[in-house]
Amino acid sequence: MAAAERDGVRTRARILALAQQLFAAHGFAGTSIADIARVLGTSKAALYYHFKSKDEILEALVTEPVSAYAALAERCETERVSAKELVGALIDLTVETHTVNALLINDPSINAVLRRLYDVEGHVQTFVRSLADGDTTEAGRARAWAAFAVAKQGTFWAVQAGDGTLSPTAREEFLTAALRCLEP
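Worth saying up front: this structure is predicted, and the values here are computed from it rather than measured.

Trainee: Would you mind showing me how to read the overall build of the chain here?
Mentor: Along the chain, the regular secondary structure elements total 10 helices and zero strands. When burial is assessed residue by residue, the chain has 41% of its 184 residues classed as buried. Put simply, 69% of the contacts in the chain that link residues at least 6 apart link residues at least 24 apart. Working note: accessible area of the chain is about 10,000 Å², and carbon and sulfur atoms make up 55% of it.

Encoded structure:
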C-alpha cells in the first residue's frame, strides 16, 4: 500500500472515530459536517473528499455491525441454527459492536437513517422466528422475544456499564438466561 493510500485510510478512520464521538455527544442531527471538519482540523472540502455526506459517514460507521447481523440473519434463513448458537452469536456481536449500538439506542435521527439504509427490523424478526423454532403461539413468540432481549439488551447494558468487554463468566450467564427464556 502506497504512503498516500495509507494516509487516506488513516484519515478516514480518524474521521469516523471523531464523528462517532460527536454523534454520541451531540446527536446525529446536532452534528454538522462543519463540526466534524473543525474537530478534525481540516476544511469541509477536505472532509468531502473522504465522505460525500453526513449520512455516508453514518453508513460507514454502521456498515460492519449491520453486515454482521445481516449475515447471521441470512444464515438463520438458510440453515438450522441452534438456539444456543444463535444466542451466543448475538451476545458476541453485541459485545463487538457496543460502541456503535450506543449511538443507535440513544439517537432517534440515526434510527431514521438506518431504516432507510438497512432492514434491521427484518433481521430482528428473523432472529426471533429462529429462536421460536416453529412455535407460532403467542407464548412461543413471547419466549423468543424474551431470549432475544436478554441476549441483546442484557449484554449491551452490561458491556456499557463495564469496561467495554464481557467476561466469559458473564457471557455464559447471559447465554444460560436467554436459553432459559425459551423453556415453556
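Trainee: What am I meant to see in the packing of helix α9 (residues 138–161) against helix α10 (residues 168–181) here?
Mentor: Packed helix pairs are characterised by how far apart their axes lie and by the angle those axes make with each other. With their axes 7 Å apart at the nearest point, α9 and α10 run at an angle of 160° to one another. Comparing the axis directions of α9 and α10 gives the class roughly antiparallel. Seen along the crossing, α9 lies across α10 with a hand that is right-handed. In this structure, α9 contributes R143, A146, A147, V150, A151, G154, T155 and A158 to the contact, and α10 contributes F174, A177, A178 and C181. Looking at the contact of α9 with α10 residue by residue, the classes come out as nine nonpolar, two polar and one charged.

Trainee: So what exactly am I meant to see when it comes to helix α7 (residues 108–117) here?
Mentor: It helps to recall that an α-helix has 3.6 residues per turn; residues three or four apart then point in one direction. Considered for burial, the residues of α7 that qualify are I110, V113 and L114. For α7, the arc enclosing every buried residue in end-on projection is 100°, short of the 170-degree limit, so these residues lie on one face. Exposed positions of α7 whose direction lies more than 90 degrees from the buried face are P108, R115 and R116. Elements in contact with the buried residues of α7: α4 (54–78) and α6 (98–106).

Trainee: Explanation requested: the side chain of D35 in the structure shown.
Mentor: For D35, the location among the structural elements is in helix α2 (residues 33–40). Here the side chain of D35 touches S32 through a polar contact of 2.9 Å, landing on its backbone nitrogen. When residues no more than four places from it in sequence are discounted, the contact partners of D35 are L22 and G30.

Conventions adopted
Residues numbered from 1 in each chain as written. Predicted model: local features only at pLDDT ≥ 70, side-chain atom pairs only at ≥ 80, totals over all residues. Heavy atoms only, no water. Helix = DSSP H or I, 4+ residues; strand = E, 2+ residues; numbered from the N terminus. Buried < 20%, exposed > 50% of the residue type's maximum accessible area, 1.4 Å probe, protein only. Contact = heavy atoms within 4.5 Å. Areas by Shrake-Rupley, 256 points an atom, 1.4 Å probe, with all protein chains shown as cover. Axes fitted to C-alpha atoms, helices over the stretch in contact; angles between N-to-C directions. Parallel < 35°, antiparallel > 145°, perpendicular 65-115°, else oblique. Left-handed = near helix turned anticlockwise from the far one by under 90°. Nonpolar A, V, L, I, M, F, W, Y, C, P; charged D, E, K, R; others polar. Arc of directions from axis to C-beta. Polar contact = N/O pair within 3.5 Å; in protein donor to acceptor, adjacent residues only side chain to side chain.

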